[in-house]
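In case you want the letters, here they are:
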Amino acid sequence: MVRVKVCGLTNELDAGRAAKFGASALGFIFYKESPRFVSPFKARKIIETIPPFITTVGVFVDQPFGAVKDIIEHCGLGVVQLHGSEDPHFCQRIRRSKTKVIKVIRVGDSINISALKEYKVDAFLFDTADDTLHGGTGKTFNWKLLMEVKSLNIPIILSGGLNNQNVIEPVNELKPYAVDVNSTIEETVGKKDPKKMKEFIDVVTYVSGPSVKES
């Protein structure tokens with residue numbers, strides 16, 4: 001089954017609904033320039049209300065190692081998602097602190113497979129390249145470029161403008177480990193639309209089904 005990560009959560013109501021609807025992971029953005037930024041204090045309060053067996057993911061952009069580590073410990077995060085220009089060494093330092101790491105790769109017209117091989121991470125998340133935004137663009141990219149990445153045998157998380165219509169084909173053909181959704185299921189920035197969120201999770205769950213092999 002292809003998993004769903006709901007990202008950009010800013011309140012308890014949306015987090016609770018995401019968990020109830022079947023999301024496997026919930027993402028909290030600790031990048032202050034993001035319109036969906038949430039403070040470590042607020043994130044911890046939200047996380048305390050989340051039921052067990054839901055993975056909590058902290059999203060960071062080029063933040064110092066010490067700051068990242070402090071937030072991991074304060075919030076009890078299970079996974080760190082590095083959305084900036086963090087190099088392989090930085091990722092490895094985080095992993096040595098016993099925290100799983102997702103490295104975000106922003107995709108334009110091509111993917112440098114050789115560069116990916118330098119990273120020892122737990123998963124790659126592929127998002128749409130943008131000159132001004134570090135995610136949450138609502139724009140898609142050519143996910144078929146990722147077919148070659150599957151040869152690396154590292155879990156693939158697909159992101160970038162996904163909705164309950166355009167997610168069907170990549171779930172069927174690419175069969176990623178997970179898909180990540182954020183801005184396309186919002187009512188307003190930072191507030192999720194429950195109908196869109198449920199429909200998205202239901203579609204991914206239905207299309208992937210229990211028979212789909214994990215990537």
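Each chain has its residues counted from 1, running along the sequence as written. The predicted nature of this model means local features are confined to residues of pLDDT at least 70 and side-chain atom pairs, given and counted, to a pLDDT of 80 or more, with totals for whole chains, interfaces and linings taken over all residues. Note that water and hydrogens are dropped before the side-chain values are worked out from all heavy atoms of the structure.

Let's talk about the overall build of the protein
Where we set the bar: Numbering goes from the N terminus for both helices and strands, where a helix is a DSSP run of H or I of at least four residues and a strand is a run of E of at least two. As defined in this context, the radius of gyration uses C-alpha atoms, and a globule is described by 2.2 Å times the residue total to the power 0.38. Any residue under 20% of the maximum accessible area for its type is buried, any over 50% is exposed, and the rest in between are partly exposed; the area is computed with a 1.4 Å probe on protein chains only. The contact rule is simple, with two residues in contact once any of their heavy atoms fall within 4.5 Å. Only the protein chains shown count as cover for residues, and the accessible areas themselves come from Shrake-Rupley with a 1.4 Å probe. Charged residues are defined narrowly, with Lys and Arg counted positive, Asp and Glu counted negative, and His plus the chain ends left uncounted. Charged groups are reduced to one reference atom each: NZ for lysine, CZ for arginine, CG for aspartic acid, CD for glutamic acid.
Broken down by element type, the protein carries 7 helices and 10 strands. Against the 2.2 N^0.38 benchmark of 17 Å for 215 residues, the protein shows a C-alpha radius of gyration of 16 Å, consistent with a compact globule. In terms of overall dimensions, the protein has C-alpha extents of about 40 × 40 × 35 Å along its principal axes. Classification of the 215 residues of the protein by burial places 51% in the buried group. Taking the contacts inside the protein whose residues are at least 6 apart along the sequence as the reference set, 55% of them involve residues at least 24 apart. Element-wise, carbon and sulfur atoms account for 51% of the exposed surface of the protein, whose accessible area totals about 10,400 Å². Taking the 29 positively charged and 25 negatively charged side chains of the protein as two groups, their mean positions are separated by 5 Å.

What to know about the pattern of salt bridges
Note the threshold: Take a side-chain nitrogen of Lys or Arg and a carboxyl oxygen of Asp or Glu: if they are within 4 Å of each other, that pair is a salt bridge.
Inspection of the entire model under this criterion finds 11 salt bridges. Note that D180 is salt-bridged to K5, the shortest N-O span being 2.4 Å. With a gap of 175 residues between them, D180 in strand β8 (residues 178-181) and K5 in strand β1 (residues 3-6) connect regions that are remote in the sequence. Its relative accessible area of 5% is what places D180 among the buried residues. Residue class for K5 comes out buried when judged on its relative accessible area of 3%. Between K195 and E199 there is a salt bridge, and its shortest N-O distance comes to 2.7 Å. You can see K195 and its partner E199 sitting in helix α7 (residues 194-208), 4 residues apart, about one turn around the helix. Classification of K195 by relative accessible area gives exposed; the value is 55%. Each of R36, E186 and K192 takes part in a single network of salt bridges with overlapping partners.

Considerations on unusual backbone geometry
One non-glycine residue, F53, adopts positive backbone phi at about 70°. Position of F53 relative to the elements: it lies in the loop between α2 (40-47) and β3 (55-60). Taking the relative accessible area as the measure of exposure, F53 reaches 84% and is therefore exposed. Positive phi, close to 50°, is recorded for D62, a residue that is not glycine. Assignment of secondary structure puts D62 in the loop between β3 and α3 (65-75).

So, the sheet that holds strand β7 (residues 156-158)
For sheets, the rule is that strands pair by backbone hydrogen bonds, running either parallel or antiparallel. This is how the line gets drawn: Only strands joined by at least two bridges in the DSSP assignment are considered to pair. Between N-to-C directions, angles span 0 to 180 degrees; the directions come from axes that are lines fitted to C-alpha atoms, helices contributing only their stretch in contact.
Pairing is parallel around the closed barrel formed by 8 strands, whose spatial order is β1-β2-β3-β4-β5-β6-β7-β8. Across the sheet, the mean angle separating the axes of adjacent strands is 25° when strand polarity is ignored. Pairing of strand β2 (residues 25-29) with β3, which is carried by 5 bridges, proceeds in the parallel orientation. Bridging across to β3, F28 finds its partner in G58. Most of the contacts of helix α4 (residues 88-96) go to strand β5 (residues 100-107), to which it runs at about 155°, and overall it touches β4 (79-82) and β5. Against the sheet, α7 touches β1 and β8, its axis set at about 160° to β1.

Focus on the environment of A178
Within the secondary structure, A178 sits in strand β8. When the C-alpha atoms of A178 and S159 are compared, they prove to be 8.9 Å apart, with 19 residues separating the residues in sequence. If sequence neighbours within four positions are ignored, A178 has contacts with V2, R3, I156, I157 and L158.

What about the packing of aromatic side chains?
The description of an aromatic ring pair rests on the distance of the ring centres and on the angle between the ring planes. Rule in force here: Here the aromatic set is Phe, Tyr and Trp, taking the six-membered ring for Trp, and pairing holds for ring centres within 6.5 Å; pairs whose planes are under 30 degrees apart are stacked, those over 60 apart are edge-to-face, and all others are tilted. Whether a charge sits over a ring depends on NZ of Lys or CZ of Arg being within 6 Å of the ring centre and within 35 degrees of the ring normal.
As enumerated under the stated definition, the model contains 4 aromatic pairs in all. Centre to centre, the rings of F30 and F60 are 5.3 Å apart; their planes meet at 25°, and the pair counts as stacked. Taken together, the residues F30 in the loop between β2 and α2 and F60 in strand β3 connect sequence positions 30 residues apart. Residue classification places F60 among the buried residues on the basis of a relative accessible area of 0%. Relative to F126, the ring of F124 has its centre 6.0 Å away and its plane inclined at 50°; by these criteria the two rings are tilted. A single burial state applies to F124 and to F126, both of which are buried. What links up through ring pairs into an aromatic cluster is the set Y119, F124 and F126. We note R93 situated over the ring of F65; from NZ or CZ to the ring centre the distance is 3.8 Å.

Just distances and angles here, no functional claims.
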